[in-house]
Amino acid sequence: MTNSAINSKIKNNTEKLLTCADDIYIMKNAADELYKIFSKITGIYFENNQDDHIELESGRALSSSTAAHCLVEFKRTAIFLRGIKKAIDKKIAETKLPIKILYAGSGPYATLITPLLSLLKNNEAKITLLDINKVSLQSVKKLTFDLNFQNFIDEFILADATKFQFTSDYDIVISETMQACLENEPMVHIMNNLIPQMKPEAIFIPEEINLDFYLSDRNLFNEKILAKNIGKDIEYKKFVGHFIKLNKHSLKLLGDKKILKIPELPANFKELIIDTFITVFDDEKLNERECSLNCSRQFYDLSVQKIQETEFYLDYTAKPRIRCQILN
């Protein structure tokens, strides 16, 4: 296949991801097609399970093969691309060209920006790709050159994003280095380092991350899944309270402790869980169980231990994790 044909295929599948709404079949096939192209060029396949994770004080930086797998989480890829495209369009409309983008934690494919380059003009964006994993950085460098996207690239930087100091004023900063509940990976530390360096009008992607408490009934959840195809809606969880709202303006509140009072609910709502909700940009959002970033985490089974009040906080002194203590 010629380079022109490959680029045309990338553009076609990117447009499908941007415009297919909630059509899971189209989303999956488009993401799979991009994966086939990117993996063949780079030689990085998630099936190889390369064990080159890098353990940092601030959390785990994923191996190149694990980071590659993120692309085939099709809903995650689609919603991030849609949000980033909206952010790029906004900055192109209001900023002197080219706009400057920093992608911290690019992985081997720069999954959240490479597909969009097929839709941009050369003078519209200049991008800095940063990763701490040498294999990933070499991979994404090969990918961009093989696809003739090198004119979009300002720099390839091998560095720890939790310590990186800006070499430019960026209009958009992207970092998707997280797991559900903000645990284990260095997302919080990266935000704490990069956001204070951003100019006030710059956009950080994702725009906001919310962690909320619910009481859940596992049996009703199973019923909801079974009933989904017939359009029957089942309320399997009930909102209890907010835990964290993380964005450009809330970093100072991250370590605050949250006292949670457990309400009296029907006895079948026995699981206290935290759900993760992500606003990529504007109205592009990832909600519960739409990808691995939105998996629920259970903290207490109230059928085993009755709880009236508990205290939670996000401990990010080292690897981020949620700490909790029963108060009653």
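Residues numbered from 1 in each chain as written. Predicted model: local features only at pLDDT ≥ 70, side-chain atom pairs only at ≥ 80, totals over all residues. Heavy atoms only, no water.

**Some remarks on unusual backbone geometry**
So, point 1. Here the bond from leucine 97 into proline 98 is cis, since omega is 0 degrees, no more than 30 degrees from zero.
So, point 2. Position of proline 98 relative to the elements: it lies in the loop between α4 (74-94) and β3 (99-104).
So, point 3. Residue proline 206 is bonded to the preceding isoleucine 205 through a cis peptide linkage, with omega at 5 degrees.
So, point 4. By secondary structure assignment, the location of proline 206 is in the loop between β7 (203-205) and β8 (208-216).
So, point 5. Although it is not a glycine, aspartate 282 sits at a positive phi angle of roughly 60 degrees. (Helix = DSSP H or I, 4+ residues; strand = E, 2+ residues; numbered from the N terminus.)

**Quick notes on the packing of aromatic side chains**
So, point 1. Enumeration over the complete set of coordinates arrives at 13 aromatic pairs.
So, point 2. An angle of 55 degrees between the planes, with centres 4.7 Å apart, marks the rings of phenylalanine 213 and phenylalanine 312 as tilted. Within this pair, whereas phenylalanine 213 is found in strand β8, its partner phenylalanine 312 is found in strand β14 (residues 309-315), the two being separated by 99 residues in sequence.
So, point 3. The class of phenylalanine 213 is buried, set by a relative accessible area of 0%.
So, point 4. For phenylalanine 312, a relative accessible area of 0% corresponds to the buried category.
So, point 5. Centroid distance tyrosine 300 to phenylalanine 312: 6.4 Å. Interplanar angle 70 degrees. Geometry classified as edge-to-face. (Phe/Tyr/Trp six-rings, centres within 6.5 Å; stacked < 30°, edge-to-face > 60°. Buried < 20%, exposed > 50% of the residue type's maximum accessible area, 1.4 Å probe, protein only.)

**Quick notes on the sheet that holds β14**
So, point 1. Strands sit in the order β10-β14-β15 across an open sheet of 3 strands; the sheet is antiparallel. Bordering the open sheet on either side are β10 (258-261) and β15 (321-326), each of which pairs with just one other strand. For this sheet, the mean angle separating the axes of adjacent strands, direction not counted, is 25 degrees.
So, point 2. Where β10 meets β14, 4 bridges bridge the pair, whose relative direction is antiparallel. Bridging across to β14, lysine 261 finds its partner in glutamate 309. (Pairing = 2+ DSSP bridges. Axes fitted to C-alpha atoms, helices over the stretch in contact; angles between N-to-C directions.)

**Let's talk about the pattern of salt bridges**
Once the charged atoms of two side chains with opposite charge are near each other, the side chains can pair.
So, point 1. One pass over the structure, following the stated rule, counts 22 salt bridges.
So, point 2. Of the charged contacts, one joins lysine 91 and glutamate 94 as a salt bridge, the two residues approaching to 3.0 Å between their closest N and O atoms. Separated by 3 residues within a single helix, lysine 91 and glutamate 94 lie in helix α4, roughly one turn from each other.
So, point 3. With a relative accessible area of 1%, lysine 91 lands in the buried category.
So, point 4. Its relative accessible area of 46% is what places glutamate 94 among the partly exposed residues.
So, point 5. Residues arginine 323 and aspartate 315 are paired through a salt bridge, measuring 3.0 Å at the closest nitrogen-oxygen approach. (Salt bridge = Lys/Arg side-chain N within 4 Å of Asp/Glu carboxyl O.)

**Regarding the packing of helix α2 (residues 24-42) against α4**
So, point 1. At a closest axis distance of 9 Å, the pairing of α2 and α4 adopts a crossing angle of 85 degrees. Relative to α4, the element α2 is oriented roughly perpendicular. Where α2 approaches α4, its residues Ile24, Met27, Lys28 and Ala31 are matched on the opposing element by Phe74, Lys75, Ala78 and Arg82.
So, point 2. In the contact of α2 with α4, the residues fall into 5 nonpolar, no polar and 3 charged. (Parallel < 35°, antiparallel > 145°, perpendicular 65-115°, else oblique. Contact = heavy atoms within 4.5 Å. Nonpolar A, V, L, I, M, F, W, Y, C, P; charged D, E, K, R; others polar.)

**Looking at the pairing of β8**
So, point 1. Of all 9 residues making up β8, 9 are buried, and the element is well covered by its neighbours.
So, point 2. Because side chains alternate across β8, one face comprises the buried residues Glu208, Asn210, Asp212, Tyr214 and Ser216, and the other comprises Ile209, Leu211, Phe213 and Leu215, equally buried.
So, point 3. With 9 bridges connecting them, β8 and strand β11 (residues 271-281) associate as antiparallel partners. By the bridge assignment, leucine 211 is partnered in β11 with threonine 276.
So, point 4. For β8 and strand β9 (residues 237-246), the ladder comprises 8 bridges, and the chain directions are antiparallel. Residue pairing across strands places phenylalanine 213 opposite glycine 241, the latter belonging to β9.

**Structural notes on the nonpolar core**
So, point 1. Core analysis: the largest hydrophobic core is formed by 96 residues, its most contacted members being Ile113, Ile205 and Phe312.
So, point 2. Look past the residues within four positions of isoleucine 113 in its chain and what remains in contact with it is Ile84, Ile88, Ile101, Tyr103, Ile127, Leu129 and Ile174. (Core = buried A, V, L, I, M, F, W, Y, C linked by side-chain atoms within 4.5 Å.)

**Section: the pairing of β3**
So, point 1. Judged by how many residues are buried, β3 sits mostly within the fold: 5 of 6 residues are covered.
So, point 2. Pairing geometry for β3 and strand β4 (residues 125-131), over 6 bridges, is parallel. If you follow lysine 100 over to β4, its bridge partner there is lysine 126.
So, point 3. Note that β3 and strand β6 (residues 172-174) share 3 bridges and pair parallel. Considered in β6, the bridge of isoleucine 101 is made with isoleucine 172.

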